[in-house]
Amino acid sequence: MARRILIIGSEGQIGSELMWAIKKRWPDALLVGADLKQKQAGPWSFEHLDVRQADALQECVLKHRIDTVFLLAALLSATGEARPEEAWKLNMESLLNVLNLARDKYVRQIFWPSSIAVFGPETPKQLAPQVTVCAPSTVYGISKYAGELWCRWYHEKYGVDVRSLRYPGLIGYNSKPGGGTTDYAVDIFYKAVAGEPFECFLAPDTRLPMMFMPDALRATLELMEADENRLTTRMAYNVAAFSFSPAELAAQIKLYKPNFQIVYKPDHRQAIAQSWPESIDDSLARRDWSWCPEYTLEKMVRVMLQELEKRVTSVTAG
Ligand code: NAD
Ligand code: AKB
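Residues numbered from 1 in each chain as written. Chains lettered and ligands numbered in written order. Predicted model: local features only at pLDDT ≥ 70, side-chain atom pairs only at ≥ 80, totals over all residues. Heavy atoms only, no water.

S.K.: I tried to follow the environment of R234 on my own but got confused; where do I start?
M.R.: The topology assignment puts R234 in the loop between α7 (213–225) and β12 (237–238). A residue is classified by how much of its surface remains accessible, and R234, at 7% relative accessible area, is buried. Residue contacts for R234: discarding those within four places in its chain leaves E148, C151, R152, H155, V160, D161, V162, R163 and E228. Within polar-contact distance, the side chain of R234 engages the side chain of D161 at 2.7 Å. A distance of 3.1 Å separates a polar side-chain atom of R234 from the backbone oxygen of V162. (Helix = DSSP H or I, 4+ residues; strand = E, 2+ residues; numbered from the N terminus. Buried < 20%, exposed > 50% of the residue type's maximum accessible area, 1.4 Å probe, protein only. Contact = heavy atoms within 4.5 Å. Polar contact = N/O pair within 3.5 Å; in protein donor to acceptor, adjacent residues only side chain to side chain.)

Laid out in structure tokens, this is it:
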């Protein structure tokens, strides 16, 4: 039977791309977006919804006879440090509201993303293992790690089919990020294409795990399709693609844009970035559900520049 899907946070960086990816991969699925923001374009229903309101959420699920929820609403790392109580409340209440709907059998399957932010200064910097010291130093990271534990608890206690990934920093050309520490890795491309210098809020040698959006979307949907008997964790799977520093990314961009200029003015986000590992070991995801990234740093940079150039050209021509 075709899925009936609710994406909460549908107007954000991932949600606005995931809607199209689902339409392509599961064409028969019924799709409903939900967000506090207004709907952007898209051939699906939309509900203006505050996911913290459990009754309104349940009403929406019943109205559309939803069986699958992707919960993407959250405050990210940098915003979370500025608004810690709001971040904790939103990130936890939204998850518990959705988990309770699955416990009570209103929905069958949940996707909820975790992050590399679950790791902290004591985690090994290179190839951070699936199971390791997780003592995050941000409110966002604390909420993600607590969320992972809640997911496992609801699965063990009530059999809830909840699945999760520890996304690295995500880079795409169709949507812009908001409030994260890895946002610079998207913003830099807009400046490069506009022929303007880029002021980077991280130091040149700050290496972080990153992933191109098409890989992240595919990982998400492959995990949701995976045979549940093969899943060996109901916390979140590490997934990796490549790592780079701002200087390494700028060097790649300069191959196409030799006049591109970058200056470094590290701010409060530097400490957050420094608390995260430089690379991730994703061997469990590779073993359990055959995860394999397609994009390298080089390929991602080429496609990002090509796609953003096309937009500039079509705007200029129009
Ligand atoms: P985003 O901030 O771009 O989008 C979040 C969306 O949720 C926004 O459209 C916002 O309006 C909406 N929202 C906020 N509060 C809401 C509420 N109370 N009710 C309904 N909607 C609400 O975030 P994103 O980058 O798309 O991230 C989505 C998820 O993926 C988050 O859980 C985030 O922690 C996780 N994640 C993202 C990245 C990344 O690089 N983008 C990396 C790791 C994990
Ligand atoms: C952030 O920087 O906060 C996010 C993340 C890695 O979770 N992009």
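S.K.: Sorry, what's going on with the domain arrangement of the protein here?
M.R.: Interfaces are often described in size by the accessible area the parts lose on coming together. On domain assignment, one finds that the protein holds domain 1 (4–169 + 212–238) and domain 2 (170–209 + 241–279 + 295–317). Look at where the C-alpha atoms of domain 1 and domain 2 centre, and you get two points 25 Å apart. At the interface, 30 residues of domain 1 touch 28 residues of domain 2. Considering only the surface of domain 1 that becomes buried against domain 2, Q13, K125 and F212 emerge as the three largest contributors, covering 31% of it. (Domains from an automatic or database assignment. Buried area = accessible area lost by both parts, 1.4 Å probe.)

S.K.: What is the right way to look at the site of ligand 2 in this model?
M.R.: As a structural note, the neighbourhood of ligand 2 is formed by L76, S77, S115, I116, Y140, G180, T181, T182 and W276. Here an oxygen atom of ligand 2 and a side-chain polar atom of Y140 are 2.7 Å apart. Contact between ligand 2 and T181: an oxygen atom at 2.6 Å from a main-chain N or O atom of the residue. In isolation ligand 2 offers 250 Å² of accessible surface; the protein chains occlude 93% of this area. Looking at the shell around ligand 2 residue by residue, the class counts come to four nonpolar, five polar and no charged. (Near = heavy atom within 4 Å. Areas by Shrake-Rupley, 256 points an atom, 1.4 Å probe, with all protein chains shown as cover. Nonpolar A, V, L, I, M, F, W, Y, C, P; charged D, E, K, R; others polar.)

S.K.: Even after reading the chapter, I still don't get the packing of aromatic side chains, so can you show me in this structure?
M.R.: We describe a pair of aromatic rings using the distance from one ring centre to the other and the angle between the two ring planes. Within this structure, the stated rule accounts for 14 aromatic pairs. Plain terms: the ring middles of F111 and Y167 are 6.1 Å apart, the flat faces sit at 50° to each other, and that makes the pair tilted. Of this pair, F111 sits in strand β5 (residues 109–111) while Y167 is found in strand β8 (residues 165–167), placing the two residues 56 residues apart along the sequence. Taken as a pair, F111 and Y167 share a single burial class, namely buried. Members of the aromatic cluster, connected to one another through ring pairs, are W150, W153, Y154 and Y158. Against the face of Y295 rests K299, its NZ or CZ located 4.8 Å from the ring centre. (Phe/Tyr/Trp six-rings, centres within 6.5 Å; stacked < 30°, edge-to-face > 60°. Lys NZ or Arg CZ within 6 Å of the ring centre and 35° of its normal.)

S.K.: Explanation requested: empty space enclosed by the protein in the structure shown.
M.R.: Empty space among the atoms can be located by rolling a probe the size of a water molecule over them. All chains considered together, the criterion is met by one cavity of 30 Å³ or more. Size it by volume and the largest cavity reaches roughly 30 Å³. Among the secondary structure elements, those contributing two or more residues to the lining of the largest cavity are α4 (84–103) and α5 (139–158). Broken down by class, the residue content of the lining of the largest cavity amounts to three nonpolar, three polar and one charged. (1 Å grid on protein atoms, 1.4 Å probe; cavity = no way out; pocket = protein on both sides within 12 Å on 5 of 7 lines; lining within 4 Å. Points joined across faces, edges and corners; volume = space filled by probe spheres on them.)

S.K.: How do you make sense of the site of ligand 1 when you look at a structure like this?
M.R.: Around ligand 1, the structure places 27 residues, and the nearest of them are Q13, I14, D35, Y140 and K144. For ligand 1, an oxygen atom lies 2.6 Å from a polar atom in the side chain of D35. Summarising the interface, the protein chains cover 92% of the accessible area of ligand 1, which totals 840 Å² for the free molecule. Broken down by secondary-structure element, the contributors of at least two residues to the shell around ligand 1 are β6 (114–115), α5 and β9 (169–171). Taken together, the residues of the shell around ligand 1 break down into 14 nonpolar, seven polar and six charged.

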